[in-house]
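Working through the structure, step by step
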Amino acid sequence: MRLVLLGAPGSGKGTQAARLKEHLQVPHISTGDLLRAEVAAGSKLGLAAKEVMARGELVSDEILLGMLEDRFSRPDTRGGFILDGYPRNLAQADALDKLLTRIGQPFDFAVQLDVPTELLVERIAGRAAAEGRADDTPESVRTRLKVYDGHTAPVIDYYRQHGHLTVVDGVGSLDEVFTRIIEAISPVKEIG
Ligand code: AP5
């Protein structure tokens, strides 16, 4: 199964990807996690990304593509993947198409987790209190939501127009949302 998981900040991409990884036995590739690992390691890339992430803006397309190419060159992605957090703009969607075509691994489904904004804000506030992630400040969250509307929503429209999009209601318990995703992707799972 080759899955692209889309959705606004706080929609549950990371949470559901962790469960899907176990269920589908494919790696979870989160560009946010990859970037946070670089920041934690204090690498050159991490230093370049740190402030941009803290502000809630997008890290450069060039950095992201390099990181993704590197990740997809690892053999564990050959049996499938769950991609979380990429693409986030139309240029990244185009780069992803080209990359996956080149490696002969086009995605089966782009699944969008649909959650109303008030609930997104509530969930992120909950995580901020529990975990204190550097970009879960009210100001950064506002920027992330704006960036999502301005840059990532067009990617969703693009996938919808090309018939690649499956929208899943992301409101409900973790189990309910997980079951909806599994149902949404099951036709491909049975064939593949
Ligand atoms: P990234 O890490 O991708 O953050 P994000 O998109 O803002 O997503 P979140 O992690 O906030 O939300 P999520 O949808 O994963 O929800 P989660 O499952 O955690 O990116 C961070 C930054 O990195 C970006 O701002 C950017 O700077 C940079 N970046 C990353 N990718 C990039 C790219 N491609 N290009 C450029 N820059 C990039 O859930 C959130 C909370 O809700 C959790 O506490 C969870 O427990 C809770 N929750 C989840 N589901 C439910 C539920 N059903 N019911 C109740 N609570 C729930």
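Here's what I pulled together on the structure shown here. This structure is a prediction, so every number in the text was calculated from the model and none was measured.

**Quick word on the nonpolar core**
Counting 33 residues, the largest nonpolar core has Leu68, Leu83, Leu96 and Tyr159 as the members making the most contacts within it. Those elements that place two or more of their residues in this core are β1 (2–7), α3 (44–55), α4 (61–72), β3 (81–84), α5 (90–102), α6 (117–131) and α7 (138–161). The greatest single-element share of this core, amounting to six residues, is contributed by α7. Within the second largest apolar cluster, 18 residues are counted, among which are Ala17, Ile82, Phe109 and Ile182.

**Considerations on the environment of Leu99**
Its place among the elements puts Leu99 in helix α5. The buried category is assigned to Leu99, whose relative accessible area is 3%. Along the chain, Leu99 and Phe72 lie 27 residues apart, while their C-alpha atoms are 8.9 Å from each other.

**Section: helix α2 (residues 31–41)**
Considered for burial, the residues of α2 that qualify are Thr31, Gly32 and Leu35. Projection of α2 onto a plane perpendicular to its axis shows the buried side chains occupying an angular sector of 100°, all on one side. In α2, those exposed residues whose orientation departs by more than 90 degrees from the buried face are Ala40 and Ala41. Those residues of α2 that are buried are in contact with β2 (28–30), α3, α4 and β3. Taken from the residues just after α2, Gly42 is the one with a positive phi, measuring 70°.

**A closer look at the site of the ligand**
The environment of the ligand is made up of 29 residues, and the closest members are Thr15, Glu57, Arg88, Arg127 and Arg144. Between the ligand and Glu57 there is a distance of 2.5 Å, counted from an oxygen atom to a backbone nitrogen or oxygen. Note that a nitrogen atom of the ligand is positioned 3.3 Å from one of the side-chain N or O atoms of Arg123. For the ligand, whose free accessible area comes to 1,000 Å², the fraction covered by protein is 87%. Broken down by secondary-structure element, the contributors of at least two residues to the shell around the ligand are α1 (13–24), α2 and α6. Top element by residues in the shell around the ligand is α2. It accounts for four residues. Its residues assigned to classes, the shell around the ligand comprises nine nonpolar, eleven polar and nine charged.

**Topic: α5**
Compared with an ideal rise of 1.5 Å per residue, which puts 13 residues at 18 Å, α5 spans 18 Å between its outermost C-alpha atoms and is within 8% of the ideal. Burial in α5 covers these residues: Gln92, Ala93, Ala95, Leu96, Leu99 and Leu100. Buried residues of α5, seen end-on, are gathered within an arc of 165° and therefore sit on one face of the element. For α5, the exposed residues lying more than 90 degrees away from the buried face are Lys98, Thr101 and Arg102. For α5, the N-terminal cap is Asn89; the gap from its side-chain oxygen to the backbone nitrogen of Ala91 is 3.2 Å. Phi for Gly104, located one or two positions after α5, is positive at around 70°.

**A short note on the pairing of β3**
With burial as the criterion, each face of β3 is covered, one bearing Phe81 and Leu83 and the other bearing Ile82 and Asp84. Here β1 runs beside β3; their pairing, made up of four bridges, is parallel. Bridge pairing links Leu5 to Asp84 in β3.

**Looking at the packing of α5 against α7**
At a minimum axis distance of 8 Å, the contact between α5 and α7 shows a crossing angle of 45°. For the element pair α5 / α7, the angle class is oblique. Residue-level inspection shows Leu90, Ala93, Leu96 and Asp97 of α5 in contact with α7, the latter providing His151, Pro154, Val155, Tyr158 and Tyr159. Residue composition of the contact of α5 with α7, by class: seven nonpolar, one polar and one charged.

Quick notes on the rules
Residues numbered from 1 in each chain as written. Predicted model: local features only at pLDDT ≥ 70, side-chain atom pairs only at ≥ 80, totals over all residues. Heavy atoms only, no water. Core = buried A, V, L, I, M, F, W, Y, C linked by side-chain atoms within 4.5 Å. Buried < 20%, exposed > 50% of the residue type's maximum accessible area, 1.4 Å probe, protein only. Helix = DSSP H or I, 4+ residues; strand = E, 2+ residues; numbered from the N terminus. Arc of directions from axis to C-beta. Contact = heavy atoms within 4.5 Å. Near = heavy atom within 4 Å. Polar contact = N/O pair within 3.5 Å; in protein donor to acceptor, adjacent residues only side chain to side chain. Areas by Shrake-Rupley, 256 points an atom, 1.4 Å probe, with all protein chains shown as cover. Nonpolar A, V, L, I, M, F, W, Y, C, P; charged D, E, K, R; others polar. Expected span 1.5 Å × (residues − 1). Pairing = 2+ DSSP bridges. Axes fitted to C-alpha atoms, helices over the stretch in contact; angles between N-to-C directions. Parallel < 35°, antiparallel > 145°, perpendicular 65-115°, else oblique.

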